[in-house]
2 protein chains.
Amino acid sequence: MRLFNKVAIVGTGLIGGSLALAIKKKGIAREIIGVSRHKKTLLLAKRRGVIDKGSQNLNIIKDADLVILATPVSTIINSAPKILKLIKKGCLVTDVGSTKQAIVSKLGRIFPKYVGSHPLAGSEKRGIINAGPDIFRDSLCILTPTKNTDREALDKIKRLWLELGARVVFLTPHAHDNILSFTSHLPHLVAFSLIGTVPKKYLRFASSGLKDTTRVAASDSQLWVDIFLSSQKNIIKAIELFQENLSSIKSALKRKDKRLLAEILIEAKKKRDSLA
Amino acid sequence: MRLFNKVAIVGTGLIGGSLALAIKKKGIAREIIGVSRHKKTLLLAKRRGVIDKGSQNLNIIKDADLVILATPVSTIINSAPKILKLIKKGCLVTDVGSTKQAIVSKLGRIFPKYVGSHPLAGSEKRGIINAGPDIFRDSLCILTPTKNTDREALDKIKRLWLELGARVVFLTPHAHDNILSFTSHLPHLVAFSLIGTVPKKYLRFASSGLKDTTRVAASDSQLWVDIFLSSQKNIIKAIELFQENLSSIKSALKRKDKRLLAEILIEAKKKRDSLA
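Since the model is a prediction, treat every value here as computed from it, not as a measurement.

Enquirer: Quick one: what's the story with helix 5 (residues 151-163) of chain A, residue by residue and with numbers?
Expert: All names here are of chain A. Compared with the 18 Å implied by 1.5 Å per residue over 13 residues, the 18 Å span of helix 5 between its first and last C-alpha is a close match. Among all positions in helix 5, only Ala-153, Ile-157, Leu-160 and Trp-161 are buried. Buried residues of helix 5, viewed axially, fall in a sector of 90°; they line one side. Helix 5 presents Arg-151, Glu-152, Asp-155 and Leu-162 as exposed residues on the side facing more than 90 degrees away from its buried surface. Residue Gly-165 follows helix 5 closely and has a positive phi angle near 95°.

As structure tokens, then:
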């Protein structure tokens, strides 16, 4: 269903490119504009029919009635003042950043009609080459309105995600970052650290267990440095709880406390089994 | 190709059941005998054609020319003396335990014709219900001969795994346990600890990152308590190296050391990308 005339997507990588494809497939916009730093990405996006027009210059977004910021977290924050100067009056703005407190605090002050979004649909893959129109279907999209959020903008952004097939949940930016620090940021950090610990010469003995456990360590490094730094305090808190948990398993193992080990593992299995 | 007359598999779970199916499919034995503590497992195994005969009583193995021990590590060790009393002269014995020093040290002393095996073909699933004849194809199987290992037994066990489609590598039990403590045991322990750290009420926000990183925490708890305890020292060493690595990432994050974080993540990504 047509919700917008012109949608501009700033950052046409995995998520931005997938959004363009999904918006096109669902007929949500008359025209889709893409902005990328990389000429190659724009050429590929146009050739694949992902975007109608593309440019390396932000000026191209000026007539959009929705701007979606899909760059790394720090770029979202740093580019906001420049984007404000370009957009027309009444333009809705959302972003798809993986942490929300720093972004919503800044963008909520800058843009009159802004809503923070976080579609939980990423993967360790990156780039428009891996984009697909269906990655949001049956996924969860967290919106992070505040008491200052424009209600009309919120309704429309919510409709956008629903049209893309996502389930929508509202959380405060604070709750979002706290929860995601456990469910996403900590697992990524642990995966980076785990593969970092395995001596290189042992990698040829990697089995599916190691591969699964560290799959997300193949994610874009710069993107994740950005995410970690943007929610530093929450993530450090999550790391410290993990460190305590790991230490207690280690000490049970040191003491050969079979019963306690069994209890810990059974409880962990129960929690893992509860995930789809 | 027929290598054995009668193969007895003690423990017809995921690996034991899959071995029975694979040995049958390849025509490696004339007859396949299964031993399980569980009547239900034996009934299912017979109904599915996994085994030709089954019993809860070990006596059934007495005419076998190959006995494969596919029970948890501690059961492999504890049942060895009883099995020695039952098998006929010249019977080959192997096991599929996930740690090798404790097992090989004991079984190598007990059985005249013993070779330790570790097919890297398990998963978080368990039971004969999940067994399949092809799980060893293109997998890696580590054999752990010692200077006392009977060469004829070694050749024959090696041929068995090759016939099942595995690539075979020889390691000392010591090297095996050291390597696997990093490539398999640590990732499992980390996965148990990671899901244990995520507050229950946050689990509904789990995305593919958390699911992959903790998939192996759905593994059988008792089996893994057993594995952890049987190679306790190696695993504690691996945990401690991981703890150091994680601490250094945490302190880089605390100091907001963007450059060091990027270096660590890039190095981790390189290692992960090198895995298939």
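Enquirer: Tell me what's going on with unusual backbone geometry, and back it up with residues and numbers.
Expert: The phi dihedral of A:Asp138 falls on the positive side, at around 65°, and the residue is not glycine. Structurally, A:Asp138 can be placed in the loop between strand 6 (114-119) and strand 7 (140-143). You can call A:Asp138 exposed: it has 10 C-beta atoms within 10 Å. The backbone of B:Lys256 shows a phi angle near 50°, a positive value even though the residue is not glycine. Summarising the element assignment, B:Lys256 is placed in the loop between helix 9 (232-254) and helix 10 (258-273). On the neighbour-count criterion, B:Lys256 (11 C-beta atoms within 10 Å) is exposed.

Enquirer: Quick rundown of the nonpolar core? Include the residues and the values.
Expert: A:Val67 and B:Val67 are the most contacted members of the largest nonpolar core, which has 184 residues in total. Those residues within four positions of B:Val67 in sequence are excluded, and the remaining contacts are B:Ala8, B:Val10, B:Ile61, B:Ile83, B:Ile87, B:Cys91 and B:Val93.

Enquirer: Please provide a residue-by-residue account of the sheet that holds strand 2 (residues 29-35) of chain B, values included.
Expert: Residue and element names in this part refer to chain B. In space, the eight strands of this open sheet follow the order 3-2-1-4-5-6-7-8, with mixed pairing throughout. Both edges of this open sheet fall to strand 3 (53-55) and strand 8 (167-170), since each of them pairs with a single strand only. The sheet shows a mean angle of 25° between the axes of neighbouring strands, taken without regard to direction. By the bridge criterion, three bridges tie strand 6 (residues 114-119) to strand 7 (residues 140-143) in an arrangement that is antiparallel. In the strand pairing of strand 7, Ser-117 is matched with Leu-143.

Enquirer: Hey, could you go over the sheet that holds strand 3 (residues 53-55) of chain A for me, with residue numbers and the actual values?
Expert: All names here are of chain A. Within the open sheet, the eight strands sit side by side as 3-2-1-4-5-6-7-8. Their pairing is mixed. Each having just a single partner strand, strand 3 and strand 8 (167-170) make up the two edges of the open sheet. Each strand of the sheet is rotated relative to its neighbour by a mean of 25°, with strand direction disregarded. By the bridge criterion, four bridges tie strand 1 (residues 4-10) to strand 4 (residues 66-69) in an arrangement that is parallel. By the bridge assignment, Val-7 is partnered in strand 4 with Leu-66.

Definitions and limits used
- Residues numbered from 1 in each chain as written.
- Chains lettered and ligands numbered in written order.
- Predicted model: local features only at pLDDT ≥ 70, side-chain atom pairs only at ≥ 80, totals over all residues.
- Helix = DSSP H or I, 4+ residues; strand = E, 2+ residues; numbered from the N terminus.
- Expected span 1.5 Å × (residues − 1).
- Buried ≥ 20, exposed ≤ 12 C-beta atoms within 10 Å, placed from the backbone.
- Arc of directions from axis to C-beta.
- Core = buried A, V, L, I, M, F, W, Y, C linked by C-beta atoms within 7 Å.
- Contact = placed C-beta atoms within 7 Å.
- Pairing = 2+ DSSP bridges.
- Axes fitted to C-alpha atoms, helices over the stretch in contact; angles between N-to-C directions.

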